[in-house]
Amino acid sequence: MEIKDLKPAEGSTHSKKRVGRGAAAGQGKTAGRGLNGQKSRAGGGKGAGFEGGQTPLARRLPKLPGFRNINRVEYVPVNVSRLDAKFSAGDVVDAESLKAAGIIKHTDAPVKVLGDGEITKALTIKVDKVSASARTKIEAAGGKVEEPC
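Because the structure is predicted, anything quoted here is derived from the model rather than measured.

A cluster of nonpolar side chains, Met-1, Ile-3 and Leu-6, forms an exposed patch at the surface whose accessible area comes to about 450 Å². With respect to the element layout, Leu-6 can be found in the segment before helix H1 (57–60). Given a relative accessible area of 56%, Leu-6 falls into the exposed group.

If you want it as structure tokens, here you go:
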């Protein structure tokens, strides 16, 4: 068998309907489109997604998924175990000292101290926020937590 021998299965193809070629052709004058109206014109008809005048689904759904709170404050987390490893007893821990120790990258982002790990040194903490567990561990080690947190 060769490519020239290939042909569609019997009855699977139909000849194209030639419309608008006179009354004798059976599809003359209006070419099977009926009389007047939007669907009788070239390019006529409703667009894809048209829902009969109802607001289409694509416009009813939000543009992006989820919800973004514009007032959200993103804190840089720092665990007490990192403070214990990088600072000596009696040190004051604030954004500048954390940056100098290499724990945080920038001083403009707010910092929150979390209570993961253990702390054995008495430190003075002056950051934006301190978790309740971190506060108890710092105070148990003899340190203190000062405002603004």
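What follows picks up the thread again.
This next bit is on the sheet that holds strand S5 (residues 129–130). Strand pairing in a sheet is mediated by backbone hydrogen bonds. Such pairs are either parallel or antiparallel. Taking strand neighbours across the sheet as the criterion, the three strands line up as S1-S3-S5 in an open arrangement whose pairing is parallel. Two strands lie at the open edges of the sheet, namely strand S1 (76–79) and S5, each paired on one side alone. Of the strand pairs in this sheet, S1 and strand S3 (residues 111–114) are connected by four bridges, and their pairing is parallel. Note that in S3 the partner of Pro-77 across the bridge is Lys-112.

Across the sheet, three strands lie side by side as S2-S4-S6; this open sheet has parallel pairing. If you trace the sheet from one side to the other, it starts and ends with strand S2 (92–93) and strand S6 (144–145), each paired once. Sheet topology places S2 next to strand S4 (residues 124–125); two bridges connect them, and they run parallel. Looking at S4, one finds that Val-92 is bridged to Thr-124.

Reading guide: rules and limits
- Residues numbered from 1 in each chain as written.
- Predicted model: local features only at pLDDT ≥ 70, side-chain atom pairs only at ≥ 80, totals over all residues.
- Heavy atoms only, no water.
- Patch = residues over 30% accessible without salt bridge, like charges linked within 9 Å, V, L, I, M, F, W, Y side chains within 5 Å.
- Areas by Shrake-Rupley, 256 points an atom, 1.4 Å probe, with all protein chains shown as cover.
- Salt bridge = Lys/Arg side-chain N within 4 Å of Asp/Glu carboxyl O.
- Helix = DSSP H or I, 4+ residues; strand = E, 2+ residues; numbered from the N terminus.
- Buried < 20%, exposed > 50% of the residue type's maximum accessible area, 1.4 Å probe, protein only.
- Pairing = 2+ DSSP bridges.

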